[in-house]
Amino acid sequence: MATKTREDLRKIREDHKAGMVLENKEEEKNIEIIVGKGTCGIAAGADKTFDAIIKEIEEKDIKNITVRHAGCMGLCYAEPTIKVIIPGQPETLYGNVDSEAARKIIERHIIYGRQVESLIFDKPAVDIFKEEQDDNSDYKQYRIVLRNCGVIDPEKIDEYIVRDGYSALGKVLFEMSPDDVINEIKKSGLRGRGGAGFPTWMKWSFSKSVKNDKKYIICNADEGDPGAYMDRSTLEGDPHSVLEAMAIAGYAIGANEGIIYIRAEYPLAITKLEIAIDQAREYGLFGSNIMGSKFNFDFEIRLGAGAFVCGEETALIKSIEGDRGMPIPKPPFPAIEGLWGRPTIINNVETLANIPVIINKGGDWFAKLGTEKSKGTKVFALTGKIKNSGLIEVPMGTTLREIVFDIGGGISNGKAFKAVQTGGPSGGVLTEDFLDTPIDFDSLVAVGSMMGSGGMIVMDEDDCMVDIAKFYLEFCVEESCGKCAPCRIGTKKIYELLDKISIGNGEIEDLQKIKDMGEAMKKASLCGLGQTAPNPVLSVIKAFEEEIMEHINDKKCRAGKCKDLVTYTIDEEKCIGCTVCARKCPVNCIEGERKMVHIIDQSHCIKCGACFEVCKFNAVIVS
Amino acid sequence: MAEVNTSTIEFSKELSSFIEKWKNKQGNLVMILHKVQGEFGYIPRNAAIKVSHMLDTPLAKIYGVITFYNFFKLEKPGEHNIQVCTGTACYLKGGVDLIDELEILLGIGVNTVTDDGLFSIESVRCIGCCGLAPVILIDGEVFGKLEKDQLPEIIAKFRDK
Ligand SMILES: Cc1cc2nc3c(=O)[nH]c(=O)nc-3n(C[C@H](O)[C@H](O)[C@H](O)COP(=O)(O)O)c2cc1C
Ligand code: SF4
Ligand code: SF4
Ligand code: SF4
Ligand code: FES
Ligand code: FES
């Protein structure tokens, strides 16, 4: 196929102005159903939903309807989700649509024009399909990064093009100098979303200023923080936006090669990327003389192999070079001397997805969103003990309260809020006291946490903070590459001390030991993994000292998570002798006749908590 | 030095041509190992030796890389490898309980295979479906919002496959 010029792309857009319905130019196909098919939606059964819809449409012989795939809208708690678009009516979003529900929707909504009220997802879901939010609306979410996710079919490049796709690349190639591009990014105030929040323009200008006949743009899609998945969803739902951004970055710094380093655990995202690259190549948007300009740029995909440390820039480079992914000291910084010794820009997926919008709408427009030092939006993966788990995108400066309670719907099962962990294994906990502070890069660091990649794990009263700290340290012990002693030994020692506390052998001095070791690790570790590994435990000590002291002094775990500190007993007053617990106990250590009080044989109890979970009369006591 | 007789393992045409294609690319090792594991489900010793010959790379370097990355396996997993997520979100929502239950149901521990070779259990860190926590992954199929009680049925389904 011949190379598409800017003019050709403009024509595609104009041809389809009428709407997003691309393959159905015939008037009569005017109803649309979009099924969210990201990994998460598919896991919840989106494929079956899709098939059920098709089957129902065929059976009912409905002609004026198209059913399309898209990435996900991020409403994990309500998957599978589908969107129904009927001209002249507001779009309707349905959640928890299994095959049965799908049939109901076709029957009632499509045929009789009556919405199926019980399945509609109103707030907070409506936040996300507002096209252009005006400034004073009460919508909490604002989508820049996720603008196309759940809207376009990621396997159809034309759909991306219609939504201004590749117009930023065209603008850059024909109207802007590399310096103009960097300046525009500078005006936007964009900071890296991969964790550290380094100004993107500055990194780019370092690389630009180095003379070298070969330079690289790497997209960091290693997404190693367990509990974060915004990069996966972005790549699955809108791969072109990231590819377009990489080409723009290449033009800005003078690189012709882009490498996407992606986790092998994300097969669907890899497939979507491969398809997107092929389609864009066919249109002449990648390869030589892009859009008829003098600029060449092409891609390669490289797979990660399950090592958290490979998210660190120098380790990532080692991994692409086919080696063990061990960090090396900086400087030299990769921007100056990176892959194969060449200047290399490494940017995170989310950082990149912002770039085309900044170029199209201007840096000033972007800089109007957010706080003084953190501009734009941030995508968070809201998970854990939260009602509406899912991906959300909010302007920087949104408060934790708005995120957890307004968008997230609060804590699930009526429990009490305890804390939120941000920044994953490098971050820390935010408590109730922090609920009203605007969240941005700097405010999080100020309280001893960090933005990280945007995982937000919500904890309730049933979660033990010693256990959480231990969990993160165990993760770091396993993921430490072992190259430097402070991290290799420090993570292990702190983990052992936490373990000691959790089994009831903790001593007062242990806390100070942990603090001292943590401070030493922060200073002496070679890479970010070791430097930040103590953050979770240090922040827990700061925010939940009382709870830790209970473990040490009273040998008590108020959440009942530290098994060695817990005993299960049955309250004689409350037990009605229903026998449910006795039947559930995996080691048969609960005795009692029907309708008689039951008793737990402590010497055999393995403290699995099954009896506690199943007793409907709150007769099992944890203490 | 092309193929040498020391190794007896057969590579499929696809794998061989992949290696041919990547052979002269810099930094090819991780990609080639992925492809090998894709074919065998793990990296058999003979395959590692064969790759070492084909790429003219010392076996020690190949093992150095295999053992560094969690994704690569040296032992053959069960026909259906059950991957249980113990990432943060899944941990909070009872991922470890799922492992305990699977161990009881299958009578094996983590990283071991049932006698009939059908199942193995593996603990993995986050497969990016945290919103559906806790999740497990079997043969590429994700099961989310799982309760212990659902496990026997899921296992039965794969046993009959
Ligand atoms: C241990 C460790 C793990 C990291 N993991 C990731 C990751 O998974 N994804 C990512 O984009 N950045 C990760 N980073 C940050 C990157 O090293 C780097 O700062 C980032 O990719 C730069 O892109 P940005 O400026 O666009 O944020 C990690 C850093 C460390 C120290
Ligand atoms: S800090 Fe930890 S992960 Fe980083 S180089 Fe040292 S040992 Fe390796
Ligand atoms: S489940 Fe509760 S009420 Fe029933 S026998 Fe056990 S302790 Fe008693
Ligand atoms: S905690 Fe578990 S082992 Fe102990 S009595 Fe209850 S069910 Fe049985
Ligand atoms: S719905 Fe897409 S990530 Fe859950
Ligand atoms: S923590 Fe289990 S899928 Fe992410």
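For the structure, see preceding data.
Residues numbered from 1 in each chain as written. Chains lettered and ligands numbered in written order. Predicted model: local features only at pLDDT ≥ 70, side-chain atom pairs only at ≥ 80, totals over all residues. Heavy atoms only, no water.

What follows concerns the overall build of chain A. What chain A contains, in helices and strands, is 24 helices and 17 strands. By the compact-globule yardstick of 25 Å for 623 residues, chain A fits well, its C-alpha radius of gyration being 27 Å. Projected onto its principal axes, the C-alpha positions of chain A cover 80 × 65 × 45 Å. Within chain A, the proportion of its 623 residues that are buried is 60%. (Helix = DSSP H or I, 4+ residues; strand = E, 2+ residues; numbered from the N terminus. Rg over C-alpha atoms; globule rule 2.2 N^0.38 Å. Buried < 20%, exposed > 50% of the residue type's maximum accessible area, 1.4 Å probe, protein only.)

Attention shifts here to unusual backbone geometry. All names here are of chain A. Cis geometry is adopted by the peptide bond preceding Pro80, which originates at Glu79 and carries an omega value of -5°. Assignment of secondary structure puts Pro80 in the loop between strand 2 (65-70) and strand 3 (82-85). Following Lys330, the chain continues into Pro331 via a peptide bond in cis, with omega recorded as -10°. When you line up the elements, Pro331 lands in the loop between helix 12 (313-320) and strand 8 (344-348). Positive phi is not limited to glycine here, since Asp61 has a value of about 55°. Examined against the element boundaries, Asp61 turns out to sit in the loop between helix 3 (46-59) and strand 2. Within the chain, Lys595 stands out as a residue other than glycine whose phi angle is a positive 65°.

Residue and element names in this part refer to chain A. The space that makes up the second largest pocket amounts to roughly 1200 Å³. Together, 43 residues line the second largest pocket, and Gly194, Gly195, Ala196, Gly311 and Glu313 are the ones closest to its centre. Those elements that place two or more of their residues in the lining of the second largest pocket are helix 8 (200-209), strand 8 and helix 20 (528-532). Of the residues assigned to the lining of the second largest pocket, the class counts are 16 nonpolar, 18 polar and nine charged. (1 Å grid on protein atoms, 1.4 Å probe; cavity = no way out; pocket = protein on both sides within 12 Å on 5 of 7 lines; lining within 4 Å. Points joined across faces, edges and corners; volume = space filled by probe spheres on them. Nonpolar A, V, L, I, M, F, W, Y, C, P; charged D, E, K, R; others polar.)

A word on the sheet that holds strand 1 (residues 80-85) of chain B. Residue and element names in this part refer to chain B. Taken in spatial order, the four strands of this open sheet run 2-1-3-4, and their pairing is mixed. Across the chains shown, the open sheet's two edge strands, defined by having one partner strand only, are strand 2 (119-124) and strand 4 (141-143). Looking at each pair of strands side by side, their axes are set apart by 25° on average, direction ignored. Strand direction decides the pairing type here: strand 3 (residues 136-138) and strand 4, joined by three bridges, are antiparallel. Its bridge partner being in strand 4, Ile138 is matched across the sheet by Glu141. Against the sheet, helix 6 (residues 95-106) contacts strand 1, strand 2 and strand 3, and its axis sits at roughly 150° relative to strand 1. (Pairing = 2+ DSSP bridges. Axes fitted to C-alpha atoms, helices over the stretch in contact; angles between N-to-C directions. Contact = heavy atoms within 4.5 Å.)

Each side of the interface is counted separately: chain A has 52 residues, and chain B has 35 residues. Summing the contributions of chain A and of chain B, the shared interface buries around 3600 Å²; its carbon and sulfur component is 58%. Sorting the residues of chain A by area buried against chain B places Ala305, Arg324 and Phe471 of chain A first, and these three jointly supply 17% of that buried surface. Joining chain A to chain B, the criterion identifies four salt bridges. Among the salt bridges present, the one from Lys61 of chain B reaches Asp323 of chain A, with a minimum N-O distance of 2.9 Å. Each residue belonging to the side of chain A that touches chain B can be placed in one class, and the counts come to 27 nonpolar, 10 polar and 15 charged. (Buried area = accessible area lost by both parts, 1.4 Å probe. Salt bridge = Lys/Arg side-chain N within 4 Å of Asp/Glu carboxyl O.)

If you look at the biggest cluster of nonpolar residues, it comprises 171 residues, and the most contacted ones within it are Tyr166, Trp204, Ile260 and Ile262 of chain A. When residues in this core are grouped by element, the largest group, 10 residues, is from helix 10 (residues 239-253) of chain A. Shared between two domains, this core holds at least three residues of each, these being domain 1 (13-68) and domain 2 (80-159) of chain B. Beyond its immediate chain neighbours, meaning those up to four positions away, Trp204 of chain A contacts Val181, Ile182, Ile185, Ala249, Ala252, Ile253, Ile345, Asn347 and Ile355 of chain A. The next biggest cluster of nonpolar side chains, apart from the first, holds 23 residues, and it includes Val67, Ile82, Val84 and Ala101 of chain A. (Core = buried A, V, L, I, M, F, W, Y, C linked by side-chain atoms within 4.5 Å. Domains from an automatic or database assignment.)

On to the sheet that holds strand 12 (residues 428-430) of chain A, then. Residues and elements named next belong to chain A. In space, the five strands of this open sheet follow the order 10-9-13-11-12, with mixed pairing throughout. What marks the edges here is a single partner per strand, and that holds for strand 10 (390-395) and strand 12. Sheet twist, expressed as the mean angle between neighbouring strand axes with direction ignored, is 35°. Examined bridge by bridge, strand 11 (residues 417-422) and strand 12 share three bridges and lie antiparallel to one another. Considered in strand 12, the bridge of Gln421 is made with Val429. Along the sheet, helix 21 (residues 535-543) contacts strand 11 and strand 12; its crossing angle with strand 12, the most-contacted strand, is approximately 35°.

On to a negative patch on the surface. Together, Glu613 of chain A together with Asp97, Asp100 and Glu147 of chain B give the surface a local cluster of negative charge. Mapped onto the secondary structure, Asp97 of chain B falls in helix 6. With relative accessibility at 31%, the residue Asp97 of chain B sits in the partly exposed group. (Patch = residues over 30% accessible without salt bridge, like charges linked within 9 Å, V, L, I, M, F, W, Y side chains within 5 Å. Areas by Shrake-Rupley, 256 points an atom, 1.4 Å probe, with all protein chains shown as cover. Lys, Arg positive; Asp, Glu negative; His and termini not counted. Charge placed at Lys NZ, Arg CZ, Asp CG, Glu CD.)

Here we take up the pairing of strand 1 (residues 31-36) of chain A. Residue and element names in this part refer to chain A. Across the six residues of strand 1, six count as buried, placing the element largely inside the fold. Side chains of strand 1 alternate between two faces, with Ile31, Ile33 and Val35 and Glu32, Ile34 and Gly36 buried alike. The pairing of strand 1 with strand 2 spans six bridges and is parallel. Directly across from Glu32, in strand 2, lies its bridge partner Thr66. Examined bridge by bridge, strand 1 and strand 3 share four bridges and lie antiparallel to one another. Looking across to strand 3, one finds that Ile34 is bridged to Lys83.

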